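Single-letter residue listing:
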Amino acid sequence: MIRGLAAAAVAHAAPAALFVPQLRTPKLAGRGDPGHVALTFDDGPNPESTPQFLRALEKLDVRATFFVLGRELAAAPELGREIAAAGHEIAVHGWDHRCFLRRSPKALHDDLTRTVDLIELITGTRPQWLRAPYGVFSASALVSAHRLGLRPVLWTTWGFDWTSRATPRSVVRTVCRRLNGGGTILLHDSDVAAAPGAWRSALGAVPVLVSECRERGLAVGPLREHASGALRGLESGVEVGRRVERAGR
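Residues numbered from 1 in each chain as written. Predicted model: local features only at pLDDT ≥ 70, side-chain atom pairs only at ≥ 80, totals over all residues. Heavy atoms only, no water.

Caption draft 1: Fine view of the packing of helix α6 (residues 105–123) against helix α7 (residues 139–148). Between α6 and α7, whose axes approach to 10 Å, the crossing angle comes to 35°. Considering how the two elements wind past one another, α6 and α7 form a crossing that is right-handed. Note on element contacts: α7 touches α6 through Ser140, Ala141, Ser144, Arg147 and Leu148, opposite Pro105, Leu108, His109, Leu112, Thr113 and Val116. When the residues that make up the contact of α6 with α7 are grouped by side-chain class, the tally is six nonpolar, four polar and one charged. (Axes fitted to C-alpha atoms, helices over the stretch in contact; angles between N-to-C directions. Helix = DSSP H or I, 4+ residues; strand = E, 2+ residues; numbered from the N terminus. Left-handed = near helix turned anticlockwise from the far one by under 90°. Contact = heavy atoms within 4.5 Å. Nonpolar A, V, L, I, M, F, W, Y, C, P; charged D, E, K, R; others polar.)

Set out below in structure tokens:
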């Protein structure tokens, strides 16, 4: 059990470490309006955990972007509708939590297509954003994103909230190390690719992080409200593709 959790933590952290903020282009990292912070969640929706995040965000009067897995959304379509009805943005994290580098171009495109179609069918809105599991985009993923009208985006700061050792305090401390205006926060509303129950650390951190942003005079919201000219102009261009291919070797 311990070995399994350790392996999951390494698998989650190691590929994404290739995309530390200093190495990313501002566009790919999710840099936007300097007076705004984008709040994003990955790996849901999950019937046990996601509703608790929705309640917390409602109390805070905050909307966020949820990067969903198609497989999880297919298993809980009513929860997907609830997320959208609450005013949150739903985006694509893939069909399941598998590294894009391990998929053939056709299989990956088919999975992304059916995830996009499912989101549109359930919510009535076509998604705008794509975030790769583990933060690793392949060249074929970027091509598919362009074909599907999706904008690839990662994050500028995250909470390491998927490990068994994570606590609300550790998540706040880790996020705040790189928290600034125009940034994008990554948290997880599900433990589908994390230690069991790890999402509780993110849930406890959310009110503190929102308060911290507001004390700094920063608005908090979804990526759609975050998009400055830099993010609106984001395309899966050659420069980003080269960087991703180098990092993925």
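Caption draft 2: Broad picture of the confidence of the model for the chain. Mean pLDDT over the chain: 86, with 80% of residues reaching 70 or higher. Counting contacts from residues 1–24, a segment whose pLDDT is below 50, to residues more than four positions away or on other chains yields 39 contacts. Note that pLDDT drops below 50 for residues 233–249; the model gives that stretch 25 contacts with residues more than four away or on any other chain. (pLDDT = per-residue confidence, 0-100.)

Caption draft 3: Region of interest: unusual backbone geometry. The step from Gly44 to Pro45 runs through a cis peptide bond, and the omega angle for that step is 0°. Residue position: Pro45 is located in the loop between β1 (36–44) and α3 (50–60). One non-glycine residue, Asp43, adopts positive backbone phi at about 85°. Structurally, Asp43 is set in strand β1.

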